[in-house]
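Breakdown of the fold
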Amino acid sequence: MTTTGLFVARRASRPGVSVVVPAFNEASHLPTLLATVTTALRELTERWELIVVDDGSRDATPQAVAPWLTRPGVRYVRLSRNFGKEAALSAGLDRADGDVVVLMDADGQHPVELLPQMLATWRAGADMVSAVRQSREEESLVKRLGTRLFYRLANAGSPVRIPPDAGDYRLMDRKVVDALRSLPERNRFMKGLYAWVGFDARMIPYTPRPRQAGRSSFSMRRLVRLALTGITAFSNMPLRVWSGTGAVIAFGALGYGAWVVVEHFQQGHPVPGYATMVASLMFFSGVQLLSIGILGEYVGRIFEEVKQRPVYLVGSESGRGALAPPDAAPAPEERLTRRLAPSVPPGPG
């Protein structure tokens, strides 16, 4: 098999598959999602695992997952608090042992029917297969405009291009996962990291399904915060813009000062008065505060990195995957895994 003129080793027709599902207050969606995904995985391969990463949910998410932990296949990781989706994804990647790893949301909007196509594209030589939204018509105008502006700003000064409309729903080869796990930064913007590691990435268009229940936990405030993390992590453009703005204002001020002096000595006009001075001071003070705020965003990221706190902390883990052959003995750490509850009801059939 060849890809872009290079020899690519033949890949397994039925590889071990890990599916990572970050969840925050998704108890109403998880039973249906788990049933759908586990059924699809059993048809695709004999070796699979589904890792639910509970990002500090405050609803009945633990109880929704509990029936699935009585037999191999589903693993449950509960973080000690809400660290955010990027941290939950990182926790899942750190524990995924499959030959390929799939990331998908817990709200049911990512169609499971794409998994066979993703695997086929991986077998053809792709190292990363991303699902790209065909349309954002169901989103509000403000969110669509904000998304478009974000990608333009993030890509304007970045050495790597972040594909617009490519979210977290993707399949990755083992070497891509290992590369992501090796990255040390604490302020993690996963969409940018997917692009930064490179490899052979291909796109598959899809249309997200509507949410069956509830509302997205991503508020506008959290989206803005994530956008700031993405821009400051992958682009120096804001600093360059304000450096250029400062230079233009400085040269303009010098020119204006020279013109006032020349006019005063040539025509005898008095120096401009109090109103002009106050307006100029207010304008330039605002520019300075804005530029300091942008600089502070970058300094804040540096501060977070040098503290070297872990990206997440795990409160508990339970369940085990079905990646090992059926007759393989469980590993010692699997035998000692803490259960979710003293007694767990039988799993779904």
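These figures come from a predicted structure and were not determined experimentally. (Residues numbered from 1 in each chain as written. Predicted model: local features only at pLDDT ≥ 70, side-chain atom pairs only at ≥ 80, totals over all residues. Heavy atoms only, no water.)

The next thing to look at is the packing of helix α6 (residues 174–181) against helix α7 (residues 190–197). Contact geometry of α6 with α7 gives a least axis separation of 10 Å together with a crossing angle of 120°. Taken together, the axes of α6 and α7 lie oblique to each other. Where α6 crosses over α7, the two elements pack in a sense that is right-handed. In this structure, α6 uses Val176, Ala179 and Leu180 to contact α7, whose residues at the interface are Leu193, Tyr194 and Val197. In terms of residue class, the contact of α6 with α7 is made up of 6 nonpolar, no polar and no charged. (Axes fitted to C-alpha atoms, helices over the stretch in contact; angles between N-to-C directions. Helix = DSSP H or I, 4+ residues; strand = E, 2+ residues; numbered from the N terminus. Parallel < 35°, antiparallel > 145°, perpendicular 65-115°, else oblique. Left-handed = near helix turned anticlockwise from the far one by under 90°. Contact = heavy atoms within 4.5 Å. Nonpolar A, V, L, I, M, F, W, Y, C, P; charged D, E, K, R; others polar.)

On to the pairing of strand β5 (residues 74–79), then. Burial of β5 is extensive: 5 of the 6 residues sit out of reach of the surface. Pairing geometry for strand β4 (residues 48–54) and β5, over 5 bridges, is parallel. Each residue of the ladder has a partner; that of Val53, found in β5, is Val77. (Buried < 20%, exposed > 50% of the residue type's maximum accessible area, 1.4 Å probe, protein only. Pairing = 2+ DSSP bridges.)

Attention now goes to the sheet that holds strand β7 (residues 128–133). Sheet architecture is open: 8 strands sit in the order β9-β7-β8-β6-β3-β4-β5-β10, paired in mixed fashion. Each having just a single partner strand, β9 (201–206) and β10 (314–319) make up the two edges of the open sheet. For this sheet, the mean inter-axis angle between neighbouring strands, taken without regard to orientation, is 20°. Direction of pairing for β7 relative to β9: parallel, over a ladder of 6 bridges. When the sheet's bridge partners are listed, Ala131 is paired in β9 with Ile204. Sheet strands touched by α6: β6 (100–103), β7 and β8 (166–173). Its angle to β8, the strand with the most contacts, is close to 115°.

Of all 11 residues in helix α3 (residues 85–95), 10 are buried; the element is thus mostly enclosed. Inspection of α3 places Lys85, Glu86, Ala87, Ala88, Leu89, Ser90, Ala91, Gly92, Leu93 and Arg95 among the buried residues, and these make up the whole buried set.

Per-residue pLDDT for the protein has a mean of 75; in total, 67% of the residues score no lower than 70. Looking across the protein, the model is least confident in helix α11 (residues 332–335), with a mean pLDDT of 40, and most confident in β6, with 92. Scored below 50 in pLDDT, residues 1–7 makes 11 contacts in the model with residues more than four places away or belonging to other chains. For the stretch residues 326–347, pLDDT sits under 50, and the model shows 29 contacts to residues farther than four places along the chain or on other chains. (pLDDT = per-residue confidence, 0-100.)

This part takes up the nonpolar core. Counting residues in each nonpolar core, the largest one holds 39 residues, and the members touching the most others are Val19 and Leu50. Core analysis: the second largest hydrophobic core is formed by 26 residues, Leu79, Phe83, Val176 and Leu193 among them. (Core = buried A, V, L, I, M, F, W, Y, C linked by side-chain atoms within 4.5 Å.)

Let's shift gears to the pattern of salt bridges. What the rule picks out here adds up to 12 salt bridges. With a closest N to O distance of 3.7 Å, Arg181 and Asp94 form a salt bridge. Here Arg181 is found in helix α6, whereas its partner Asp94 is found in helix α3, with 87 residues between them in sequence. (Salt bridge = Lys/Arg side-chain N within 4 Å of Asp/Glu carboxyl O.)

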